[in-house]
Amino acid sequence: MILLTGATGTVGSALLRRLVSAGEPVRCLVRDPRRLGEQRVRVQIALGDLADPPSFRNALRGVGTVVHLAASIRDQPGGSIEELNAVATLRLVRAAERAGARRFLFFSAMGARHHSRTRFFRAKALAQEAVQTSALETMVFQPSIVYTPGDPWLTLLERFSYLPALPVSGSGRAEYQPIWAEDVADCVLAALIATGPRRRAFELGGPETLSYDDIVRVALAAAGRRRRLLHVPLPIVRSSLRALRPLAGPKVFATWEEAELMEEPMTTRRGTADAEALGVRPRPMAAVLGAA
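Residues numbered from 1 in each chain as written. Predicted model: local features only at pLDDT ≥ 70, side-chain atom pairs only at ≥ 80, totals over all residues. Heavy atoms only, no water.

Enquirer: In this structure, what is going on with the nonpolar core? I would like to understand it.
Expert: Most often, soluble globular proteins have nonpolar side chains that are buried together. By size, the foremost hydrophobic cluster in this structure holds 35 residues, and its most contacted members are Leu15, Leu16 and Phe141. Among the elements of the structure, strand S1 (2–5), helix H1 (10–21), strand S2 (26–30), strand S5 (103–107), strand S6 (137–143), helix H6 (181–193) and strand S11 (201–204) are those that each provide at least two residues to this core. Considering every element that reaches this core, the biggest residue donor is H6, with nine residues. Residues contacting Leu16, with those up to four places away along its chain left out, are Leu4, Ala7, Val26, Cys28, Leu36, Gln39 and Val43. Grouped together as the second largest cluster of nonpolar side chains are 33 residues, Leu154, Tyr176, Trp180 and Leu220 included. (Core = buried A, V, L, I, M, F, W, Y, C linked by side-chain atoms within 4.5 Å. Buried < 20%, exposed > 50% of the residue type's maximum accessible area, 1.4 Å probe, protein only. Helix = DSSP H or I, 4+ residues; strand = E, 2+ residues; numbered from the N terminus. Contact = heavy atoms within 4.5 Å.)

This is the structure in C-alpha cells:
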C-alpha cells in the first residue's frame, strides 16, 4: 500500500493518475475527498492533514511506502510554514517508522538550505534532513520550479496580463529550470517501480535555464499577449502584501513569503541528467504551454 500526501496538488494529482492506472493500491491523506475528483472512488481515503498528527496513525496502517508531496508556501490557520513543512514531515517520518513502513519518498526543493533567505526553503531543508537521517529507505526529489497549464501560479500571471503592464516582484533575474508537473510525476513513478540499486536523491530540472522575467514572457506568449514588465521593488512588495493579508485573509492572492520565493534561484549543473536517468526527457516550457 502506498500512502500519498498532497494528492490534490499539481504534482500529486498527476502522480495519482499514474499510480491508479498502474494498478498500485493507494491511500490518500486528504481533508476533502471531493477534491480528488473521479479518483476518489479508485483509492482508499484517510481523512486528515499535516496539521493533524493523530490522523497519521490510521493513514499509515498497512502502508509500505510513503510518498510525501504535501507542502505549504504560506502560513495557514492550522499552522505556520515551519510547522506544516518541517515539523509535520518529522512527525510523519516518525509515525511511518512506528507503523513499519519501509520506504519514504519526499519532495524538497532545489537549492533548499538551512541558510536560505526564505522561510519555505529553510523549512524544506529541515524536513529533508529529518527524512535522510531516518531509519527508512529514503528518496528525496529536489525539483526546480514546477508548473502545469492552469495551475494557480500561471493563472495568476494570466490575470495580471490583462493590466497594461505586468507587475513583477523584485528584480526578475533569479534563474530556474522549470519542469512540467507531468514530467515530474513520470520521474517519481519510475523511481517507485525501479529495480536494482536505488538512488537516494534526484535533482529534477527542465531543459532550459530561464530567469523569472523569461518565464513570465513565456506565459504571456502562451496567452497571446505582449506586456511590458513592471518591476516592483521588494520593500514595496513586502509592505503592500503584509498590509493586505489581514484584510483579505487566508485567500489573499499572494503573500510576502510567496513573492520572496521569486528571488530564490533553483538551478542545478546536472540539468536534466537525473530525470533522463529515470527515462524521462523533460519538455521545454514554451512547448508545454503552446507559446508561439
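Enquirer: Where do I start with the layout of surface pockets in this structure?
Expert: Once rolled over the atoms, a probe with the size of a water molecule shows which space is left empty. Computed from the structure, the second largest pocket encloses a volume of approximately 190 Å³. Elements with a minimum of two residues in the lining of the second largest pocket: helix H5 (152–160) and helix H7 (212–222). In terms of residue class, the lining of the second largest pocket is made up of ten nonpolar, three polar and one charged. (1 Å grid on protein atoms, 1.4 Å probe; cavity = no way out; pocket = protein on both sides within 12 Å on 5 of 7 lines; lining within 4 Å. Points joined across faces, edges and corners; volume = space filled by probe spheres on them. Nonpolar A, V, L, I, M, F, W, Y, C, P; charged D, E, K, R; others polar.)

Enquirer: Could you clarify how one ought to interpret the pattern of salt bridges in this entry?
Expert: One pass over the full model with this rule turns up 14 salt bridges. Among the ionic pairs, Arg74 bridges to Glu258, the shortest N-O distance being 2.9 Å. Of the two residues, Arg74 sits in the loop between strand S4 (65–68) and helix H3 (81–99) while Glu258 sits in helix H9 (residues 256–260), which places them 184 residues apart along the sequence. By sharing partners, the salt bridges in this structure join Arg17, Arg18, Glu182 and Asp186 into a single network. (Salt bridge = Lys/Arg side-chain N within 4 Å of Asp/Glu carboxyl O.)

Enquirer: When you look at the packing of H1 against H6 in this model, what are you seeing that I'm missing?
Expert: Between two packed helices, both the angle of their axes relative to each other and the distance between the axes serve to describe the pair. Between H1 and H6, whose axes approach to 8 Å, the crossing angle comes to 50 degrees. If you check the angle between H1 and H6, you find them oblique. Where H1 crosses over H6, the two elements pack in a sense that is right-handed. Together, Thr10, Val11, Ala14, Leu15, Arg17, Arg18 and Leu19 of H1 and Ala181, Glu182, Val184, Ala185, Asp186, Val188, Leu189 and Leu192 of H6 make up the contact between the two elements. Class assignment for the residues of the contact of H1 with H6 results in ten nonpolar, one polar and four charged. (Axes fitted to C-alpha atoms, helices over the stretch in contact; angles between N-to-C directions. Parallel < 35°, antiparallel > 145°, perpendicular 65-115°, else oblique. Left-handed = near helix turned anticlockwise from the far one by under 90°.)

Enquirer: I keep staring at the sheet that holds S5 and nothing clicks. Help me out?
Expert: Sheet strands associate in pairs through backbone hydrogen bonding, adopting either a parallel or an antiparallel arrangement. Here we have seven strands laid out as an open sheet, ordered S3-S2-S1-S4-S5-S6-S11, and parallel in their pairing. Only two strands of the sheet have a single partner each, and these edge strands are strand S3 (44–47) and S11. Averaged over all pairs of adjacent strands, the angle between their axes in this sheet comes to 15 degrees, without regard to strand direction. Across four bridges, the pairing between S2 and S3 is parallel. (Pairing = 2+ DSSP bridges.)

Enquirer: Just checking my understanding: could you explain the packing of aromatic side chains for this structure?
Expert: Between two aromatic rings, the relevant description is the distance of the centres plus the angle of the planes. In this structure the tally under the stated criterion is four aromatic pairs. What links up through ring pairs into an aromatic cluster is the set Phe107, Phe141 and Phe202. When the ring centre of Tyr162 is taken as origin, the NZ or CZ atom of Arg225, which lies over that ring, is 4.0 Å away. Here the basic side chain of Arg238 rests over the ring of Trp256, its NZ or CZ set 5.4 Å away from the ring centre. (Phe/Tyr/Trp six-rings, centres within 6.5 Å; stacked < 30°, edge-to-face > 60°. Lys NZ or Arg CZ within 6 Å of the ring centre and 35° of its normal.)

Enquirer: I tried to follow the environment of His231 on my own but got confused; where do I start?
Expert: As for its position among the elements, His231 is in strand S13 (residues 228–232). Overall, His231 belongs to the partly exposed group, its relative accessible area being 34%. Linking His231 and Ser171, residues 60 residues apart in sequence, is a C-alpha distance of 6.3 Å. Here the side chain of His231 touches Ser171 through a polar contact of 3.2 Å, landing on its backbone oxygen. A distance of 2.9 Å separates a polar atom in the side chain of His231 from a polar atom in the side chain of Asp213. (Polar contact = N/O pair within 3.5 Å; in protein donor to acceptor, adjacent residues only side chain to side chain.)

Enquirer: It is not clear to me how the pairing of strand S8 (residues 165–169) should be interpreted in this structure. Could you clarify?
Expert: Within S8, four of the five residues are buried, leaving the element largely enclosed by the surrounding structure. Where S8 meets S13, five bridges bridge the pair, whose relative direction is parallel. Each bridged residue has a counterpart across the sheet, and for Ser169 the counterpart in S13 is Val232.

Enquirer: I keep staring at the side chain of Ser134 and nothing clicks. Help me out?
Expert: With respect to the element layout, Ser134 can be found in the loop between helix H4 (119–132) and S6. Since its relative accessible area comes to 12%, Ser134 is described here as buried. A distance of 2.9 Å separates a polar side-chain atom of Ser134 from the backbone oxygen of Val131. Within the structure, the side chain of Ser134 is placed 3.2 Å from the backbone nitrogen of Leu136, a separation counted as a polar contact. The residues contacting Ser134, other than those within four sequence positions of it, are Val93, Arg94 and Glu97.

Enquirer: Teacher, can you tell me more about the environment of Ser116 here?
Expert: Examined against the element boundaries, Ser116 turns out to sit in the loop between S5 and H4. In the structure, Ser116 is positioned 46 residues away from Tyr162 in sequence and 34 Å away in space, judged by C-alpha atoms. Those residues within four positions of Ser116 in sequence are excluded, and the remaining contacts are Gly111, Phe121, Arg122 and Glu264.

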